[in-house]
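Understanding the architecture of this molecule
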Amino acid sequence: MDRLKGHKDFVAVLKKHQKFSSRDIVLHYSIYRQPEPGSPRKGIKSSPVTGCRDIDIRLGLAVSKSVGNAVMRNTVKRRLRVLAKKYEGYLTDLPSAGTLCIDIVVRAKPSAAYARFDALDSQMEKIYAGLREKSAEYPADKPAA
């Protein structure tokens, strides 16, 4: 899983207005096809075996100051990063014709600071299951965005 790094990338995902929400987490996403098969997106490393991957996933975390002080925010970020890595498998085994690109921004609500890890785990599982359904529905012939 690669990272969303630039402000432009975060804004592009948030402008799509596609999201899943739970008690402590909001997951914003953008799904699109790679413009030309075999040519990796800028900033994405391709597989040395095939030249490109079937599914490119980029993750960004947004944990604002309303969540708490720096220690609390970093704790929440670490938890969300671990959970995103855990459920990445929900998306990587999707059948796809061509390269499917999924950009994800996970935003923590202020209540995430006091949520138990197992509660965040179950919320993330439900959110990623919903994202898997949306990704599986994405048509193979839809043009690149």
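Residues numbered from 1 in each chain as written. Predicted model: local features only at pLDDT ≥ 70, side-chain atom pairs only at ≥ 80, totals over all residues. Heavy atoms only, no water.

Note the threshold: UniProt positions are given in the numbering used here, feature names are shortened, and annotations may be inferred rather than shown by experiment.
The chain has the name Ribonuclease P protein component in an unreviewed UniProt entry, where Scardovia wiggsiae F0424 is given as its organism. What the UniProt record of the chain gives under Function (unreviewed entry) is the line "RNaseP catalyzes the removal of the 5'-leader sequence from pre-tRNA to produce the mature 5'-terminus. It can also cleave other RNA substrates such as 4.5S RNA. The protein component plays an auxiliary but essential role in vivo by binding to the 5'-leader sequence and broadening the substrate specificity of the ribozyme."

1. As for the overall build of the chain
Formally: Strands are runs of DSSP state E lasting at least 2 residues, helices are runs of H or I lasting at least 4, and numbering of each runs from the N terminus. Using a 1.4 Å probe on the protein chains alone, a residue whose accessible area is under 20% of its type maximum counts as buried, one over 50% counts as exposed, and one in between counts as partly exposed. By the convention used here, residues are in contact when the closest approach between their heavy atoms is within 4.5 Å.
Along the chain, the regular secondary structure elements total four helices and five strands. The N-to-C order of helical and strand elements in the chain reads β-α-β-β-β-α-α-β-α. The 145 residues of the chain split such that 41% are buried. Here the analysis covers contacts within the chain between residues at least 6 apart in sequence; of these, 79% occur between residues at least 24 apart.

2. Considerations on the nonpolar core
We apply this condition: The criterion is simple. A nonpolar core is a set of buried Ala, Val, Leu, Ile, Met, Phe, Trp, Tyr and Cys residues joined through side-chain atoms within 4.5 Å.
Counting 32 residues, the largest nonpolar core has Leu-80, Ile-104, Val-106 and Tyr-128 as the members making the most contacts within it. When residues of this core are traced back to their parent elements, those giving at least two are strand 3 (25–33), strand 4 (55–62), helix 2 (70–86), strand 5 (100–108) and helix 4 (117–137). The element that contributes the greatest number of residues to this core is strand 5, accounting for six residues.

3. A look at the sheet that holds strand 3
The condition is simple: We treat two strands as partners when DSSP finds at least two bridges between them.
Pairing in this open sheet of five strands is mixed, and the strands run 1-4-5-3-2 from one edge to the other. The sheet is open, and its two edges are formed by strand 1 (2–3) and strand 2 (19–21), each paired on a single side. Sheet topology places strand 3 next to strand 5; nine bridges connect them, and they run antiparallel. Looking across to strand 5, one finds that Ile-31 is bridged to Ile-102.

4. Details of the confidence of the model for the chain
The condition is simple: Each residue carries a pLDDT score, the predictor's own confidence in it, on a scale running from 0 to 100.
Taken residue by residue, the chain gives an average pLDDT of 83. The fraction at 70 or more is 78%. Per-element averaging of pLDDT across the chain places helix 3 (residues 89–92) at the bottom with 82 and helix 2 at the top with 96. Contacts from residues 43–52, a stretch scored under 50 in pLDDT, to residues over four places away or in other chains number 13 contacts.

5. Looking at helix 2
Our working rule: In a helix, the anticipated span is given by 1.5 Å times the number of residues less one. The arc in question is traced by the directions running from the helix axis to the C-beta atoms.
Taking 1.5 Å per residue as the helical rise, helix 2 with its 17 residues ought to reach 24 Å, and the 24 Å between its terminal C-alpha atoms agrees with that figure. Within the sequence span of helix 2, burial applies to Arg-73, Val-76, Leu-80, Leu-83 and Ala-84. The arc that holds every buried residue of helix 2, seen down its axis, measures 100°, which confines them to one face. Summarising the geometry of helix 2, the exposed residues directed more than 90 degrees from the buried face are Val-71 and Lys-85. Taken together, the buried residues of helix 2 touch strand 3, strand 4, strand 5 and helix 4.

6. Side note on the side chain of Asp-121
Spelled out, the test is: In protein, a polar contact means a hydrogen-donor-capable atom and an acceptor-capable atom, both N or O and within 3.5 Å, with residues adjacent in sequence counting only if both atoms are side-chain atoms; elsewhere, any N or O pair within 3.5 Å suffices.
Tracing the chain through its elements places Asp-121 in helix 4. Side-chain polar atoms of Asp-121 contact the side chain of Lys-86, separated by 3.0 Å. Each residue touching Asp-121, except ones within four places of it in the same chain, is listed here: Leu-83, Lys-86 and Tyr-87.

7. A word on the packing of aromatic side chains
Filter applied, for reference: A pair of aromatic rings is counted whenever rings of Phe, Tyr or Trp (Trp by its six-membered ring) have centres within 6.5 Å, and the orientation is called stacked for planes under 30 degrees apart, edge-to-face for over 60 and tilted otherwise.
One pass over the full model with this rule turns up three aromatic pairs. Seen from their ring centres, Phe-20 and Tyr-29 are 5.4 Å apart, and the 15° between their planes marks the pair as stacked.

8. Some points on helix 4
Compared with an ideal rise of 1.5 Å per residue, which puts 21 residues at 30 Å, helix 4 spans 30 Å between its outermost C-alpha atoms and is within 8% of the ideal. Buried residues along helix 4 sit against strand 2, strand 3, strand 4, helix 2, helix 3 and strand 5.

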